[in-house]
Amino acid sequence: KRWPPVRWPAQCGRPAMARVSTSSACLCLRLAAGELARALADGTAAGLRGADAAHLIDIVGELNHKLLMENLLRSDHMDGKLLFIHIGKTGGTAIKACIAPWLNWAKGFWVVDREGLFYEDEIETWQGSAMRNCGARRFAFFVRDPVRRFVSAFMARQRRPWSAGEERAFEQFPTPDALACALSSGSPAWRGRARGAMLTLGHVRDGLADYLGGNFSALARCRGSIRFVGRTEHLDEDLPSLARVLQAEGALLDNFPGAAASAGAGLGPSACKRCSSPAYRNFTRLGACSLANLRRWYRADYRLIRFLVREGLVHPSYLTELTPSPATEAK
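Model, not experiment: these values are computed from the prediction.

Here we take up the overall build of the protein. Each helix and strand in the protein was counted, giving 16 helices and six strands. Counting across all 331 residues of the protein, residues that qualify as buried make up 50%. About 15200 Å² of surface is accessible on the protein, with carbon and sulfur atoms providing 53% of the total.

Shown next, in the form of structure tokens:
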């Protein structure tokens, strides 16, 4: 009774939950997820509160189909809302846990991570049209040091299941350093395999701009609609600031416990328990070769961060925290 009125796709019937692993049932669930997303977007789910709303966005996020989400973002359902864009490996899952249960869906929307479901041997992604018609929308998102984000993405994809391409990539390049350094290998064949792996691994292949309209020009064009940019490395500090922006936009419910409830919650990088172990540090250590290659590979991300700093959306001190510093990058 707590769910909003959602049309179950007629061609799906009512598959038993025991059969959701079959391809036909999965397709039906994904179609239903699109209906749930529309219910959130057009306000018919506005009566949901607390855990119900958070659970609903989990379903939309985990079962989204790239075409359904793409069509939703292309529609005018999103106009007039503040959209939080979940950029992969920037702390979005922790942020969602603190914000989504109190999100006012009539004024805000959670744009799920563009990394989608496994389908056959590939990972589905959606490019996203969140920045479309940006004059009628507002945006908030977090960014992260490109090198740290690469390591986090590599480690995240160590968890199975893998696509066929990912399995080949991890067989050839078992550590982040092995992959990054191979980008400048003297062997053209090995260098080509490394480039192929970088373009195959989930999240590794996606730069920041891939989530923000697909290119730097789209982001620059929408500068006036960006209400907040946070830093993953300062998650505990920036999360209360995000909450204040959402409250000012009317995108949080009145019963939100307050920014103080999120501050100091141990959501930042220091909350990673395994990161302090010697084995983890050795596995994720990057040499000079890898750092130089990653700076070149993610040069568009550095450019994007410099733009956000110039526009006053990110504190200038953030540039000095990046590893390696983008100060030597061409303007």
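Moving on: the pattern of salt bridges. According to the stated counting rule, one finds nine salt bridges in the structure shown. A salt bridge links Glu233 to Arg148, with the nearest nitrogen and oxygen atoms 3.7 Å apart. With Glu233 in the loop between β6 (226-231) and α11 (235-248) and Arg148 in helix α5 (residues 146-156), the pair connects residues that are 85 residues apart, well separated along the chain. When its relative accessible area of 17% is taken as the criterion, Glu233 is described as buried. Owing to a relative accessible area of 35%, Arg148 belongs among the partly exposed residues under this scheme. Taking the shortest distance from any N to any O, the salt bridge between Glu311 and Arg223 comes out at 3.2 Å. Residue Glu311 is located in the loop between α15 (299-310) and α16 (318-321), and its partner Arg223 is located in the loop between α10 (216-221) and β6; the two are separated by 88 residues in the primary sequence.

As a further point, take the sheet that holds strand β2 (residues 108-111). Pairing between sheet strands relies on hydrogen bonds along the backbone, with the strands arranged either parallel or antiparallel. Taken in spatial order, the four strands make up an open sheet running β2-β1-β5-β6, and their pairing is parallel. Here the strands that pair on one side only, and so sit at the sheet edges, are β2 and β6. In this sheet, neighbouring strand axes are inclined to one another by 15° on average, regardless of whether the strands run parallel or antiparallel. Summarising the sheet, strand β5 (residues 138-143) and β6 pair through five bridges and their orientation is parallel. Bridging from a neighbouring strand, Ala140 pairs with Phe228 of β6.

The subject of this paragraph is the packing of α5 against α15. Here α5 crosses α15 at 130°, and the two axes come no closer than 10 Å. Of the possible angle classes, the one that applies to α5 and α15 is oblique. Residues Pro146, Val147 and Arg149 of α5 form the contact with α15, whose participating residues are Asp301, Tyr302 and Ile305. The residue inventory of the contact of α5 with α15, partitioned by class, reads four nonpolar, no polar and two charged.

Our next topic: the packing of aromatic side chains. Counted according to the given criterion, the structure contains 10 aromatic pairs. Look at Phe84 and Phe142: their rings are 6.4 Å apart centre to centre, the planes differ by 50°, and that puts the pair in the tilted class. Highlighted residues: Phe84 in strand β1 (residues 82-85) and Phe142 in strand β5, separated in sequence by 58 residues. Both residues of the pair, Phe84 and Phe142, count as buried. Both rings, one in Phe216 and one in Phe307, keep their centres 5.2 Å apart while their planes meet at 80°; by these two values the pair is edge-to-face. Residue Phe216 is found in helix α10, and its partner Phe307 is found in helix α15; the two are separated by 91 residues along the sequence. Both residues of the pair, Phe216 and Phe307, belong to the buried class.

By the burial criterion, the buried members of helix α6 (residues 164-172) are Gly165, Glu166, Ala169 and Phe170. Here the buried residues of α6 occupy an arc of 130° about the axis, which is enough to place them on one side. Turned more than 90 degrees away from the buried face of α6 sit Arg168 and Glu171, all of them exposed.

Ranked by size, the top nonpolar core spans 75 residues in total, and within it Ile85, Ile99, Phe141, Leu242 and Leu308 carry the most contacts. Those residues in contact with Leu242, other than ones at most four positions away along the chain, are Phe84, Ile95, Ile99, Ala140, Phe142 and Phe228.

The rules behind the values
- Sequence order as written defines the numbering, with residues in each chain counted from 1.
- This being a predicted model, a pLDDT of at least 70 is required before a residue's local features are given, and a value of 80 or more before pairs of side-chain atoms are given or counted; all residues contribute to the totals for chains, interfaces and linings.
- Values reported for side chains reflect all heavy atoms of the structure, with hydrogen atoms and water molecules removed beforehand.
- A run of H or I in DSSP becomes a helix once it reaches four residues, and a run of E becomes a strand once it reaches two; helices and strands are each numbered from the N terminus.
- Any residue under 20% of the maximum accessible area for its type is buried, any over 50% is exposed, and the rest in between are partly exposed; the area is computed with a 1.4 Å probe on protein chains only.
- The Shrake-Rupley method, run with a 1.4 Å probe sphere, supplies the accessible areas, and residue values consider only the shown protein chains as cover.
- For this document, the term salt bridge refers to a Lys or Arg side-chain nitrogen within 4 Å of an Asp or Glu carboxyl oxygen.
- Following DSSP output, two strands are said to pair if at least two bridges run between them.
- For every element, the axis is a line fit to its C-alpha atoms; helices are fit only across the contacting stretch, and the angle between N-to-C directions ranges from 0 to 180 degrees.
- Orientation labels follow simple angle bins: below 35 degrees gives roughly parallel, above 145 gives roughly antiparallel, 65 to 115 gives roughly perpendicular, and whatever is left gives oblique.
- It only takes one pair of heavy atoms within 4.5 Å for two residues to be counted as in contact.
- Under the scheme applied here, ten amino acids are nonpolar (Ala, Val, Leu, Ile, Met, Phe, Trp, Tyr, Cys and Pro), four are charged (Asp, Glu, Lys and Arg), and all others, including Gly, are polar.
- Only Phe, Tyr and Trp rings are paired, with Trp represented by its six-membered ring, and only when their centres lie within 6.5 Å; those with planes under 30 degrees apart are stacked, over 60 edge-to-face, the remainder tilted.
- By construction, the arc corresponds to the directions joining the helix axis to the C-beta atoms.
- Nine residue types can take part in a nonpolar core, namely buried Ala, Val, Leu, Ile, Met, Phe, Trp, Tyr and Cys, and a core is a set of them joined through side-chain atoms within 4.5 Å.

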